[in-house]
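Listed below, chain by chain, are the residues.
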Amino acid sequence: MNSNKKFISFEGIDGSGKTTQINLLCEKLIKIGEKVSVFREPGGTIISEKIRRFLLDKTNYNLSSEAETLLFLASRNQLITEKLKNKLDKGEYVIFDRFNDSTIAYQGYGFGLDIKHLKILSNFATFGLEPYKTFFLDISVEESLVRRSGNKSDRIEQKGEKYLNKVREGFKIIAKENPRRIIEIDALNGLDELSKFIWSKFKEIYDIKV
Ligand code: T5A
């Protein structure tokens, strides 16, 4: 792979506004003539979307934490192999809606699986690849519940408030440990304000003058 410089991820607990902000960022990039691809995790390829359906299916209630982790990593590996390498080689921007930080936060801090082992496994699954920059959208668990109140919960989302609080704390620890890569944002602000902030950071990172 040539470089990960145009590889960006968005992270945060459920309902933190990742998808919304990724779409707004893409609109701005396309407007200035840039090529950008977005992939959600788990998902993004035919095989990875099959794994996604399995992972989010509430009837798989007795899936073990370890099996769950390996399936998230399998989905990620397939996505990198099929799509990411190719897009980066072409010099396009690639935005991931979640990456390894989610596994460390949800399966590590959330479930209590060993973080050191998870990092080794994630490294194996992703060929050691990391996003160049990560936007971590931080909201409270209460706000997450309000924003998702009209939706049906999937298998992960139904794990409850206590679990999600551990996940949020996990993301905060990861952000502290990776200050050069991760930009932590208070995502309780309005859509437009957040979008403007993310765009200004993005322009700074990539020296975009518009
Ligand atoms: N998971 C994933 C793991 O456990 N381990 C892993 O390794 C990985 C990769 C994926 C689940 O899998 C887990 C995490 C997840 O639980 P998903 O459906 O893809 O499932 O879940 P999310 O990625 O969390 O997607 P969501 O749609 O729930 O959250 P988003 O994308 O962060 O939020 P978004 O943009 O869809 O917004 C949610 C709602 O809030 C509103 C939007 O309009 C929308 O209604 N909103 C705002 N409201 C007020 N102010 C703002 N600033 C707002 N921004 C958005």
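This text goes with the structure placed above it.
Residue indices follow the written sequence of each chain, beginning from 1 at its first position. Local features are withheld for residues below a pLDDT of 70 in this predicted model, meaning they are given only at 70 or higher, and side-chain atom pairs are given and counted only at 80 or more; totals for whole chains, interfaces and linings count all residues. Hydrogens and water molecules were not included; the side-chain quantities draw on all heavy atoms of the structure.

What about the sheet that holds strand β4 (residues 133-138)?
By the convention used here, strands pair only if DSSP detects at least 2 bridges between them. For helices the rule is a DSSP run of H or I covering at least 4 residues; for strands it is a run of E covering at least 2, with both sets numbered from the N terminus onward. The five strands are arranged β2-β3-β1-β4-β5 in an open sheet whose pairing can be described as parallel. Looking at strand neighbours, the two that pair on one side only are β2 (36-40) and β5 (182-186), the edges of this open sheet. When the angles between neighbouring strand axes are averaged without regard to direction, this sheet yields 20 degrees. Looking at chain direction, strand β1 (residues 7-11) and strand β3 (residues 93-97) are connected through four bridges and run parallel. Bridge assignment links F7 to a residue of β3, and that residue is V94. To get an axis, fit a line to the C-alpha atoms, keeping to the stretch in contact for a helix; angles then go from 0 to 180 degrees between the N-to-C directions.

Quick look at the site of the ligand
Consider each residue's heavy atoms; a residue with any of them within 4 Å of a molecule or strand counts as near. Contacts to the ligand come from 25 residues, most closely from D14, K18, T19, T20 and T103. In this structure, an oxygen atom belonging to the ligand sits 3.2 Å away from a main-chain N or O atom of S16. In protein, a polar contact means a hydrogen-donor-capable atom and an acceptor-capable atom, both N or O and within 3.5 Å, with residues adjacent in sequence counting only if both atoms are side-chain atoms; elsewhere, any N or O pair within 3.5 Å suffices. Between an oxygen atom of the ligand and a side-chain N or O atom of T103, the distance comes to 2.7 Å. Here the Shrake-Rupley method, with its probe set to 1.4 Å, supplies the accessible areas, and only the displayed protein chains count as covering residues. Coverage of the ligand by the protein amounts to 79% of the 1,000 Å² it exposes when considered alone. Take the shell around the ligand: its biggest share by element is four residues, from helix α4 (residues 100-110). Throughout, the ten residues Ala, Val, Leu, Ile, Met, Phe, Trp, Tyr, Cys and Pro are labelled nonpolar, Asp, Glu, Lys and Arg are labelled charged, and all others, Gly among them, are labelled polar. Considered class by class, the residues forming the shell around the ligand number six nonpolar, 10 polar and nine charged.

Purely geometric numbers; function is a separate question.
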